[in-house]
Amino acid sequence: MKDKYSRRDFFKTGMGISLAAMLTGGKNLIRGEETAGRMRVVASGNGIRATEKAMELLREGKDPLDAVIAGVNIIENDPNDISVGYGGLPNEEGVVELDASVMHGPTHNGGAVASLRNIKNPSKVAKLVLERTDHALLVGKGALRFAKAHGFKEEKLLTDRSRKIWLRRKEMLSDRDFWYPPKSEELEPELQSYISTHGTINCIAINAKGDLAAVTTTSGFFYKIPGRVGDSPIIGAGLYVDNDVGAAGSTGRGEANILNCGSYQAVDFMRRGFSPEEACLRALERIAQKSKLLPRLLNKDGLPRFGLSFYAINKKGEYGGASLWSGRKFAVHDGKENKKKPLAYLYKRK
Ligand code: ASP
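Residues numbered from 1 in each chain as written. Predicted model: local features only at pLDDT ≥ 70, side-chain atom pairs only at ≥ 80, totals over all residues. Heavy atoms only, no water.

## Quick word on the environment of Gly220
Next up, step 1: When you line up the elements, Gly220 lands in strand S6 (residues 212–221).
Next up, step 2: When its relative accessible area of 9% is taken as the criterion, Gly220 is described as buried.
Next up, step 3: Distance in space between the C-alpha atoms of Gly220 and Ser83 is 7.1 Å, their sequence separation being 137 residues.
Next up, step 4: Aside from chain neighbours lying at most four places away, what touches Gly220 is Ser83, His198, Gly199 and Arg228. (Helix = DSSP H or I, 4+ residues; strand = E, 2+ residues; numbered from the N terminus. Buried < 20%, exposed > 50% of the residue type's maximum accessible area, 1.4 Å probe, protein only. Contact = heavy atoms within 4.5 Å.)

In structure tokens, the structure reads:
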């Protein structure tokens, strides 16, 4: 059900800021001197260690792109996070395929890899696409060969835990095949809760000079069709940075985001003067509107039956995020403390 109270407030503030933006042409957001010293890092809820690390590097004066990549590498390397990198959940054939993109504000340059197998840090490979090629996106075998040419070692990414979750899903998928699920007393409850899971990490930073950068990295949808590419490596969808305005990134149902260029839209709303949180809400609202054209994506109340979240920082260092559904959090390092904060939302979960 829609949360009327939160929506009313959203429009109220939105209209006010919109008027201010019309009067000032949004220029109040992009005056360099206002940004000085405002180091900020935001990430999806699974990124609290990433925001900590990225802020540490920003404080050392490191480039914001290096900072966010070092941050998400912690999560990519962690087998306990089954939504990214090593230990990420595999495709329907039991193979882990990773997607990632990066974008660097000061040079307005980006790089990405998709359907990359056997390399646990796709975010690092995406950065090399940016730095060492004239391309923006490499996929599949070409991306793997490129990574190996740069000295990356192939590794087995499927952990035992992820393999078991995959096997359970395969066995439980249908009673019209030759795979039998285990008897109910043999089902591991911990594994069952992951059967329809997915996830990603997005991380965005602004340094003391007001330069922005972002990274998004994922193993994509669990049990996806091999070769499926989500929004994470698509610049404009999984992330977008305009160093004059702000940066945004996403997690959640990639297909809905790709079809609406969500991160680009969030940055564009910030360009028009909306706060990061309002910009994320407006991008989500457009996606929710368009989803109504696809009935299979709607629940019985006619609302999107999927999850999608955006995170954003503007040129002033203001940050915010929003989710389609209530109850989600994001990680924020505001230069003083690193903590999880609730995301704004369009619809309240019943
Ligand atoms: N956005 C990711 C994808 O579509 C999945 C997720 O964030 O849950 O691949």
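## Remarks on the site of the ligand
Next up, step 1: His198, Gly199, Thr200, Gly220, Phe221, Arg228, Gly230, Asp231, Ser232, Thr251, Gly252 and Gly254 make up every residue found near the ligand.
Next up, step 2: One of the backbone nitrogen or oxygen atoms of Gly199 is found 3.0 Å away from an oxygen atom of the ligand.
Next up, step 3: Within the side chain of Asp231, an N or O atom sits 2.7 Å from a nitrogen atom of the ligand.
Next up, step 4: Within the complex, the protein chains bury 99% of what would otherwise be the 270 Å² of accessible surface of the ligand.
Next up, step 5: Counting only elements with at least two residues in the shell around the ligand, the list comes to strand S5 (198–206), S6 and strand S8 (246–252).
Next up, step 6: The biggest single contributor to the shell around the ligand is S5, with three residues.
Next up, step 7: When its residues are assigned to classes, the shell around the ligand shows one nonpolar, nine polar and two charged. (Near = heavy atom within 4 Å. Polar contact = N/O pair within 3.5 Å; in protein donor to acceptor, adjacent residues only side chain to side chain. Areas by Shrake-Rupley, 256 points an atom, 1.4 Å probe, with all protein chains shown as cover. Nonpolar A, V, L, I, M, F, W, Y, C, P; charged D, E, K, R; others polar.)

## With respect to the packing of helix H3 (residues 48–59) against helix H4 (residues 64–76)
Relative placement of two packed helices is described by the angle separating their axes and the distance separating the axes.
Next up, step 1: Relative to each other, H3 and H4 sit at 150°, their axes nearing to 8 Å. Taken together, the axes of H3 and H4 are roughly antiparallel relative to one another. Crossing of H3 against H4: the hand is right-handed. In this structure, H3 contributes Arg49, Ala50, Lys53, Ala54, Leu57 and Leu58 to the contact, and H4 contributes Pro64, Asp66, Ala67, Val68, Ala70, Gly71, Val72, Ile74 and Ile75.
Next up, step 2: Across the contact of H3 with H4, the residue classes break down as 11 nonpolar, one polar and three charged. (Axes fitted to C-alpha atoms, helices over the stretch in contact; angles between N-to-C directions. Parallel < 35°, antiparallel > 145°, perpendicular 65-115°, else oblique. Left-handed = near helix turned anticlockwise from the far one by under 90°.)

## So, the pairing of strand S10 (residues 319–325)
Next up, step 1: Where burial is concerned, most of S10 is hidden: six out of the seven residues are buried.
Next up, step 2: Sheet topology note: the strand S9 (residues 308–314)/S10 ladder contains five bridges and is antiparallel. Bridge pairing in S10 places Ala312 opposite Gly320.
Next up, step 3: Adjacent in sequence and paired antiparallel, S9 and S10 are bridged by four residues, among which Gly317 carries a positive phi angle near 90°.
Next up, step 4: As paired strands, S10 and strand S13 (residues 344–347) are joined by three bridges and run parallel to one another. Paired with Ala322 across the two strands is Ala344, which belongs to S13. (Pairing = 2+ DSSP bridges.)

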